[in-house]
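Commentary on secondary and tertiary structure
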Amino acid sequence: MIQHTVRQAGVAMALLLAGTTTTWAQFGPGTQWTKDGYGYLKTEKDAIVQLDARKPGQALTILSAQQLTPPGATAPLKVRRFALSEDGKQVLLNTNTKKVWRYDTRGDYWVYDLASKQLTQLGKGRPESSLMFAKFSPDGKKVAYVSEHNLFVENLADHQITQLTSDGTDRLINGTFDWVYEEELDCRDGFRWAPDGQSLAYWQLDATKTRNYLMLNTTDQLYPYTIPVEYPVVGQDPSRARIGVVAVGGGATKWMDIPGDAVQHYLPRMEWAGPGQLIVQQLNRRQNESNIVLVNAASGAAKVISSETDKAWVDAKDGAVGWNWIEGGKRFVWASEKDGWRHLYAIDRTGKEKLLTPGNYDVISLETISEPTGTIYFMASPANATQTYLYKVPLKGGKAERVTPTNLTGSNNYDISPNGKIALHTFSNTATFPVADVVSLPAHQRLSGGDVPEQAKAMKLPKTEFFQVKTVDGVTLDGWLVKPTNFDPSKKYPIVFMVYGEPASQTVVDRFGTGANRLYQGSMADDGYIYASIENRGAPAPRGREFRKAIYHNIGALNIRDQAMGASEVLKNKWVDTSRVAVWGWSGGGSSTLSLLMQYPKIYKTGISIAAVDNQLNYDNIYQERYMGLLPEDRHYFVDNSPLAHAKNLRGNLLLVHGTGDDNVHYNNAEQMINELVKYNKTFQLMSYPNRTHGISEGEGTSRHLASTYTKFLKDNCPPGGR
């Protein structure tokens with residue numbers, strides 16, 4: 001499901017404020033650090049410049065607007081992202097980009113040679129904006145890319161193009177991925193250069209047996225037409241996935257002999273493990289067994305060196321590009337929840353492992369490994385699951401030591417330079433606009449930045465209060481609320497709960513923006529609403545494996561009960577009007593909204609459900625099967641815990657919102673719910689947005705209209721103000 005995690009949103013804001021280039025989920029190279037780790041490159045005013053991260057000052061121009069202007073053109077290229085060759089003599093430029101589902105991962109590519117001062121377009125003869133994931137070879141003499149699901153290599157000396165695969169079609173996919181691998185496993189860039197530059201390893205996905213979901217466009221032409229989307233729902237087989245190696249000069253692909261059924265598995269991660277060897281993560285169809293496999297690239301022979309199983313599920317490796325090798329490739333760092341907490345382990349090529357981060361806490365994310373300083377940096381928050389801080393341990397393992405100063409209470413994010421000595425850092429909490437600075441490590445001394453942006457000085461932030469409640473089930477849950485302006489405890493106020501509830505995202509986080517509602521026109525606090533959110537079990541909070549994985553087989557049951565029982569505790573406050581209780585959510589939150597409204601009608605009187613999965617059998621196989629199981633044996637979990645099963649119990653006020661062009665949570669979800677509500681004579685309101693996708697943002701006035709609809713429905717059915 002589409003959800004921006006706290007970490008992603010925080011780092012993106014940090015780097016935006018710091019003025020650097022950032023990208024996520026393989027749709028760009030990220031921050032372009034200089035080799036010494038003290039400088040970084042960015043686009044600025046139609047140029048590419050280099051800055052010193054330690055001190056503000058004049059930027060050094062690497063490529064000027066004039067140099068970025070193609071021969072015969074009157075304007076420079078609009079550079080979306082760029083990368084330097086290993087020797088720094090050439091710059092690869094991505095421009096004229098177009099979206100592939102979520103991100104603009106296809107476009108045109110150019111190379112600028114700093115020695116000859118020549119700007120040359122790559123892939124001449126290929127369709128416009130069709131090149132994807134172009135990358136320099138290790139020696140900088142070639143560039144490989146994907147176009148129309150085939151792989152190509154271009155020689156930069158004479159720009160001769162060699163086509164490496166020719167069987168690519170809309171369904172036989174070389175060098176990139178199908179819809180569901182992209183959506184649920186963050187897989188986009190699907191090929192890797194060998195260390196010697198003589199071959200490429202790549203994924204091939206065969207989606208020819210995946211059925212199309214046909215979205216219907218009834219507005220853009222006189223006659224309606226269908227838009228097919230390859231979409232494997234629960235119970236449908238995944239695309240056949242395999243990995244091959246092909247020489248850059250062309251020839252037959254050598255397919256790797258990875259054990260098991262090539263259909264009933266997933267290959268979410270793959271990299272070169274040194275000369276002539278690949279390393280692959282393989283998940284079984286149920287996603288509760290993970291194998292790490294070493295593969296001989298020449299023979300294809302594979303050997304499983306490490307396996308992990310879980311009663312619920314095992315996650316794919318964080319970061320879809322790269323492998324965290326240490327000691328010259330003898331060992332790598334790997335995250336696992338096998339001891340009940342998410343920890344880092346060092347694993348050698350025989351599978352022998354060592355725990356590096358012992359203790360009763362979760363590693364939220366691995367930030368960097370600095371071998372020169374013998375340090376591993378990672379994010380954690382042992383005492384408060386709503387916050388994030390930088391920690392370190394010795395490379396050999398040991399006790400975690402907090403690096404973030406204690407006065408920076410809230411959410412901290414870091415982009416650490418390759419030398420491990422400085423970091424682009426941002427800090428925020430619910431009362432603080434994000435502030436970006438550059439800090440030294442491990443001392444965390446500020447080197448530059450730290451100024452509050454001008455736009456923040458006049459901004460009115462919600463006064464968000466964090467709390468914990470213990471439910472009747474003995475479960476302690478985190479939450480936040482924003483009380484009305486000029487709050488009077490002798491009055492009773494309506495309360496609006498914002499919910500997500502599924503494993504893709506947290507809502508209770510101490511960072512900028514928490515407590516605000518972008519869909520409400522005006523100020524909820526000024527109008528007299530209490531606004532709140534509670535974090536149920538199953539959310540990806542750093543509270544241990546049991547908290548996160550209790551939701552297995554139980555989406556629509558356990559998370560819903562946690563929400564309802566948590567809300568019951570909040571409603572015990574005398575200043576809450578229990579006759580005016582509303583809940584709303586989007587995507588998984590829309591599903592939770594429906595379940596809460598229908599399973600606990602005595603608590604929730606009004607609900608606004610946006611882009612919800614109303615029937616879990618409708619959603620994609622990777623996401624829904626990961627958390628709910630496989631058909632046919634686990635079918636009852638999907639059916640019994642879907643909102644659709646509880647439609648007959650609706651008593652409150654419901655607004656159902658969905659885009660008919662949603663390629664993620666299809667509109668048939670809303671239509672099935674409509675049929676069920678009609679069947680039981682349950683009245684409700686419906687707002688369909690023609691041809692809008694999951695974000696419901698396309699088209700002039702759409703966002704404003706959605707906010708107006710949301711606000712009016714809430715005010716009409718859960719009136720604001722103290723009484």
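Our structure is the block above this text.
An account of the accompanying structure is given in this report. Predicted model, so just to flag it, every value in this text is computed and none were measured. (Residues numbered from 1 in each chain as written. Predicted model: local features only at pLDDT ≥ 70, side-chain atom pairs only at ≥ 80, totals over all residues. Heavy atoms only, no water.)

Examining the environment of Tyr 266
Looking at the secondary structure, you find Tyr 266 in strand 20 (residues 265–272). Judged by its relative accessible area of 1%, Tyr 266 falls in the buried class. In this structure, the C-alpha to C-alpha distance between Tyr 266 and Arg 285, residues 19 residues apart in sequence, is 6.7 Å. The residues touching Tyr 266, leaving out its near neighbours within four places in the chain, are Tyr 181, Leu 185, Pro 238, Gln 281, Gln 282, Leu 283, Asn 284, Arg 285, Gln 287, Asn 621, Ile 622 and Glu 625. (Helix = DSSP H or I, 4+ residues; strand = E, 2+ residues; numbered from the N terminus. Buried < 20%, exposed > 50% of the residue type's maximum accessible area, 1.4 Å probe, protein only. Contact = heavy atoms within 4.5 Å.)

So, the sheet that holds strand 34 (residues 432–440)
Here 4 strands make up an open sheet; going across it, the order is 32-33-34-35 and the pairing antiparallel. One side of each edge strand has no neighbouring strand; the edge strands of this open sheet are strand 32 (411–416) and strand 35 (446–449). The average undirected angle you get between the axes of adjacent strands in this sheet is 30°. Summarising the sheet, strand 33 (residues 422–429) and strand 34 pair through 7 bridges and their orientation is antiparallel. (Pairing = 2+ DSSP bridges. Axes fitted to C-alpha atoms, helices over the stretch in contact; angles between N-to-C directions.)

Details of the pairing of strand 30 (residues 389–394)
Counting buried positions along strand 30 gives 5 out of 6 residues, so the element sits mostly inside the fold. Judged from the 6 bridges that link them, strand 29 (residues 375–380) and strand 30 form a sheet pairing that is antiparallel. By the bridge assignment, Tyr 377 is partnered in strand 30 with Lys 392. Here strand 30 runs beside strand 31 (residues 401–402); their pairing, made up of 2 bridges, is antiparallel. Among the inter-strand pairings, Tyr 391 is bridged to a residue of strand 31, identified as Arg 402. Between the end of strand 30 and the start of strand 31, which pair antiparallel, lie 6 residues, with Gly 397 showing a positive phi angle near 100°.

Overview of the packing of helix 6 (residues 558–570) against helix 7 (residues 588–599)
Viewed as axis vectors pointing N to C, helix 6 and helix 7 meet at an angle of 65°, and their least axial separation amounts to 10 Å. Here helix 6 is positioned roughly perpendicular relative to helix 7, judged by the angle of their axes. The hand of the helix 6/helix 7 crossing is right-handed. Contacts between helix 6 and helix 7 involve Asn 559, Ile 560, Gln 563 and Ala 564 from the first element and Ser 592, Ser 595, Leu 596 and Gln 599 from the second. Across the contact of helix 6 with helix 7, the residue classes tally to 3 nonpolar, 5 polar and no charged. (Parallel < 35°, antiparallel > 145°, perpendicular 65-115°, else oblique. Left-handed = near helix turned anticlockwise from the far one by under 90°. Nonpolar A, V, L, I, M, F, W, Y, C, P; charged D, E, K, R; others polar.)

Some thoughts on the pattern of salt bridges
Counting across every chain of the model gives 40 salt bridges. Taking the shortest distance from any N to any O, the salt bridge between Asp 318 and Arg 342 comes out at 2.7 Å. Residue Asp 318 is located in the loop between strand 23 (302–309) and strand 24 (325–326), and its partner Arg 342 is located in the loop between strand 25 (331–336) and strand 26 (343–348); the two are separated by 24 residues in the primary sequence. Judged by relative accessible area, which is 45%, Asp 318 ranks as partly exposed. (Salt bridge = Lys/Arg side-chain N within 4 Å of Asp/Glu carboxyl O.)

As for the sheet that holds strand 36 (residues 464–470)
Strand order in this open sheet of 8 strands is 36-37-39-38-40-41-42-43, and the pairing throughout is mixed. Both outer strands of the open sheet, strand 36 and strand 43 (685–689), are each paired with one neighbouring strand and no more. Strand-to-strand twist in this sheet, taken as the mean axis angle between neighbours without regard to direction, amounts to 20°. Across 5 bridges, strand 40 (residues 576–586) lies against strand 41 (residues 606–610) in parallel orientation. Along strand 41, the bridge assignment pairs Ala 582 with Thr 606. Running at roughly 110° to strand 36, helix 6 makes contact with strand 36, strand 37 (476–482), strand 38 (493–498), strand 39 (530–534) and strand 40 of the sheet.

Some thoughts on the nonpolar core
If you look at the biggest cluster of nonpolar residues, it comprises 48 residues, and the most contacted ones within it are Tyr 181, Ile 243, Leu 267, Leu 278 and Val 280. Going through the elements one at a time, helix 2 (179–185), strand 15 (199–206), strand 16 (212–217), strand 18 (240–247), strand 20, strand 21 (277–284), strand 22 (289–296) and helix 8 (621–628) are the ones with two or more residues in this core. Residues in contact with Leu 278, not counting those within four places in the same chain, are Ala 201, Ile 243, Val 245, Met 256, Met 270, Glu 271, Trp 272, Ala 273, Val 293, Leu 294 and Val 295. (Core = buried A, V, L, I, M, F, W, Y, C linked by side-chain atoms within 4.5 Å.)

Describing the pairing of strand 5 (residues 79–84)
The side chains of a regular strand alternate, first on one face of the sheet and then on the other. Pairing of strand 5 with strand 6 (residues 90–100) involves 5 bridges; the strand directions are antiparallel. In the strand pairing of strand 6, Val 79 is matched with Thr 95. Linking strand 5 to strand 6, which pair antiparallel, is a turn of 5 residues; within it Gly 88 sits at a positive phi near 75°.

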